[in-house]
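Residues per chain are reported as follows:
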Amino acid sequence: MNRRVVITACSAITPIGHSRADICRSLLKGVSGVKALRDDGLLTRYIQSGVFGTVDYPIDYAFKRQHSKTMGPVAYYACQVAKDVLEQAGLDPAFIGSGRLGVAFGSTHGSPTVQRDIYRTFFGGSQSKFSSIGAVDYLKSMVHTTAVNITKMFGITGRVISSSTACTTSSQSIGFGYEAVKYGMQDAMLCGGADEYDTTTVAVFDNLLACSTKFNATPHLTPRPFDIQRDGLVVGEGAGAVLLEEYEFARNRGAHILGEVIGFACNNNGGDLVLPNMDGITLTLRSALKDARTNPEEVDFISAHATATKMGDVIEAQAIAKVYGDKPLVAGLKSYMGHTMGSCGVIETILSLYMLAEGWVAPTLNLIEIDKRCAMIRHATTITEAKIRIAAVQNFAFGGVNTSLLLKKFDD
Amino acid sequence: MVREEIQARILEIFRNSFEIEDPGLDDDLRDIHGFDSIDGIELLREIEIMLDTELTREEKENAMEVRTINQILDYIQLLASQRGRN
């Protein structure tokens, strides 16, 4: 069974906006969502990087306590984008609880904010004889908290997939959701990822010398994917969700179709857990093309993982050149908001869908002087009008996990 | 602690911690107000603080059958009497 899989709704909470209009405005005006790192009273004094991709606008959550009592900040993000998507899609309530709609949603490590509270209870030196973890602390903090809070809030009864593979978390959500629909296990999947404001992740990457540190006084000038002055990644927060539906099911119910997922691949480098690997990445890109039965020259746009690390960008540019040559436009969308970790794959997918619909490609922000070692591909350096028919979204994670998603502008 | 005093404090906890406003004293809290087992565990912690005493595991398990505000008040009064506080 090989069924077509279409995208019928999407929503993202990002450091550059929540609505499609706000996000597109930020992309067109070159607005950065990277801000100064807030002092957390714990780790920030040890961290050299002083920047963070920050969601600093209010979000009008209207969750009842019945639902919010098991939610940490990461689940608030997840449930909000899921709510946006379900409202957009207008699915029949009977279908939502039919077992034919599933959820593929994850985060890097659940809710670090709640986990800190738990550790504070045990190690904070409190003399209270009643100090103990709360009844809901595990439900708020656990690694699959996003997926199951979504199922609880909306009464979704299909299968649950909750990837937690850092930077490939939500690209896996979309990919595994696509496969569940394509092969007939589900008729629709609500897919995505989220990560909350978290300095632990900054500390981890900072310790590995992977974080940007030279632009602490000018946060909007970093990260700088493919630029000669890039000095590392910037951690960020955010969330995104897409609804995938089987094509005939979507068409029969008159759904508005935003695009089609035509291919997905995921592999592992089978070795080093940190260093980028040309062979592993190249194989993923080619496998996705094979899955999509698409030739490399048919791809018009590539959303690169492009974290702005010294080596990662070079290996990725070389892999793109090897597989695709220099025809497709390439943009590193993390340049606008930093690396939103578990949500980057779905956010970059949604931004690609917006650009596909709008007919332009946003440039990689802060790409002023292209590193010669990354110069063999066609970088988007200005707003470029482009009729994108097929787009590739690629993501690579610590642990050697690689993914590539292929999206197509919808046509019958 | 007299029953009226306990009742006032319990209703305040329900209002502030569980967003349940003035439930009927014999309402089934689960069926009518969505008060579930997780809320029950949170309430036991509030009762420990109210009575300034730790509850045993057996005492906590005994609370699992409680369904109404009146039953909660009975439960607290029993705990208080067993600790010589009535």
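Preceding this paragraph is the structure being described.
I will try to describe carefully the structure that is included in this document. Everything numeric here is computed off the predicted structure, so don't read it as measured data.

**Concerning the side chain of A:Thr309**
Residues and elements named next belong to chain A. When you line up the elements, Thr 309 lands in the loop between β9 (301-303) and α12 (310-324). We classify Thr 309 as buried; its relative accessible area is 18%. In this structure Thr 309 touches Ala 210, Arg 230, Gly 232 and Leu 233, once residues within four positions along its chain are discounted.

**Describing the packing of aromatic side chains**
Residues and elements named next belong to chain A. Under the defined criterion, the tally for this structure stands at eleven aromatic pairs over all chains. Summarising the aromatic geometry, the rings of Tyr 61 and Phe 63 are spaced 5.5 Å apart at their centres and angled 35 degrees between planes, so their arrangement reads as tilted. Residue classification places Phe 63 among the buried residues on the basis of a relative accessible area of 14%. Of the residues examined, Tyr 61 reaches a relative accessible area of 27% and is grouped as partly exposed. Aromatic rings pair up to connect Tyr 61, Phe 63 and Tyr 76 into one cluster. A cation sits over an aromatic face here: Arg 4 above Tyr 247, 4.4 Å from the ring centre. The side chain of Arg 38 reaches across the aromatic face of Tyr 197, ending 3.7 Å from its centre.

**Focus on the pairing of strand β8 (residues 259-268) of chain A**
All names here are of chain A. Burial within β8 is extensive, with eight of its ten residues counted as buried. Note that strand β1 (residues 5-13) and β8 share three bridges and pair antiparallel. Its bridge partner being in β8, Val 6 is matched across the sheet by Glu 260. Taken together, the eight bridges between β8 and strand β15 (residues 401-408) define a ladder with antiparallel strand orientation. By the bridge assignment for β15, Glu 260 is matched with Lys 408.

Definitions and cut-offs
Residues numbered from 1 in each chain as written. Chains lettered and ligands numbered in written order. Predicted model: local features only at pLDDT ≥ 70, side-chain atom pairs only at ≥ 80, totals over all residues. Heavy atoms only, no water. Helix = DSSP H or I, 4+ residues; strand = E, 2+ residues; numbered from the N terminus. Buried < 20%, exposed > 50% of the residue type's maximum accessible area, 1.4 Å probe, protein only. Contact = heavy atoms within 4.5 Å. Phe/Tyr/Trp six-rings, centres within 6.5 Å; stacked < 30°, edge-to-face > 60°. Lys NZ or Arg CZ within 6 Å of the ring centre and 35° of its normal. Pairing = 2+ DSSP bridges.

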